[in-house]
Amino acid sequence: MTLQTVTWMSAFLCLAQVCSMPMPCQLQGQLVRITHNLLRDMGGHFPLECMQDNNVFIAFPATAFTTFGAPQLSSSGAMAIYETLKNIDTLFGADDLPTKWDQRKLENFLNIVYRQIEESKCMMGSVNTCDYLVRAKVLKTYFRKIAAVLNEKVGYKQIQYNGNPCFGNISMNISLHIPNSSFVFSQNFSYCAWEVVRKELLYSLQFILEHNSDSLLWANRT
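Basis of the calculations
Residues numbered from 1 in each chain as written. Predicted model: local features only at pLDDT ≥ 70, side-chain atom pairs only at ≥ 80, totals over all residues. Heavy atoms only, no water. Helix = DSSP H or I, 4+ residues; strand = E, 2+ residues; numbered from the N terminus. Buried < 20%, exposed > 50% of the residue type's maximum accessible area, 1.4 Å probe, protein only. Contact = heavy atoms within 4.5 Å. Areas by Shrake-Rupley, 256 points an atom, 1.4 Å probe, with all protein chains shown as cover. Axes fitted to C-alpha atoms, helices over the stretch in contact; angles between N-to-C directions. Parallel < 35°, antiparallel > 145°, perpendicular 65-115°, else oblique. Left-handed = near helix turned anticlockwise from the far one by under 90°. Nonpolar A, V, L, I, M, F, W, Y, C, P; charged D, E, K, R; others polar.

Novice: Give a description of the overall build of the protein chain that names residues and reports values.
Specialist: A tally of regular secondary structure across the protein chain gives six helices and four strands. Overall, the protein chain shows an N-to-C arrangement of helices and strands of α-α-α-α-α-β-β-β-β-α. In the protein chain, buried positions account for 36% of the 222 residues. Restricting the contact set of the protein chain to residue pairs at least 6 apart, pairs at least 24 apart contribute 81%. When the accessible area of the protein chain is evaluated, it comes to approximately 13,700 Å², of which 56% is carbon and sulfur surface.

Novice: Residues and numbers for the packing of helix α2 (residues 29-41) against helix α6 (residues 191-211), please.
Specialist: Where α2 meets α6, the closest approach of the two axes is 10 Å, and the angle between their N-to-C directions is 155 degrees. Here α2 is positioned roughly antiparallel relative to α6, judged by the angle of their axes. Here α2 runs over α6; the crossing is left-handed. Counting all contacts with α2, which are made through G29, V32, R33, T35, H36, L39 and R40, the residues of α6 involved are R198, L201, L202, L205, Q206 and L209. For the contact of α2 with α6, a count of residues per class yields six nonpolar, four polar and three charged.

Novice: Describe in detail the environment of E119, supporting the description with residues and values.
Specialist: One can find E119 in helix α4 (residues 103-119). Along the chain, E119 and L27 lie 92 residues apart, while their C-alpha atoms are 8.1 Å from each other. Not counting residues within four places of it along the chain, the set of residues in contact with E119 comprises Q28 and L31.

Laid out in C-alpha cells, this is it:
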C-alpha cells in the first residue's frame, strides 16, 4: 500500500470520526446576536409616524429566563429561549409583512430564526418538564398579547363584493357576513403594529443576550 493511499485513508477516517461526533445541543450565541441585529437593522429606529401606537404595555416575562441562582440556565431555561424563537417564527409567518422594512435583511432574519429552530430540536429531549411548564405558560401569555397587537390593528387593503372592488385602505374591527354574497377580504396588518411588535421582540432578544448568554454556545469562549 502506497504512502499516498495510507494518507488518504487516514484523512477519511479522521473526517468520519469528526462527522460522527455528537454536536452540542445548544443554541449558538452568535446566531442569536445576528438575529437581534437583523431585526434591529431591517426597520431602523422606531418610526415617528407610529409614536401614537407606541403606548402598548406588554409585561416582559423575565421569570421564564430566570436562573434561580445557578451559574447557567437549566435545560428548561434554555428551552425558553428556544420557544421564544419558535414563537417569533410563528409571528412572522404572516403573509403581509411590512414592505417598508429592508426585505433582504428580513429574509435573512427569517432564515436564521428557522435555522436555529431546526438545529436545536434535540433540546426537546432534555427538558425538566415541571420547571418548563411554568416557563412555557408565562411565554404563551406573553406572545398571545403580542399577537393581539397585530390582530387589533387589521387593515383591509381591498374588499370586493361579487368580484367588484368596493373600498380599500381602511381599518376595521368588525366581522361582516352577508348571506348569498361573496365578500373577499385581503388582510394587511398595520405597519405601526408590526413596529410595536418588532420593538418588543428586540427587547426580548436583548434581554437574552445580556442576562442569559451563559446558556448559549459561543465560539472561542473559554
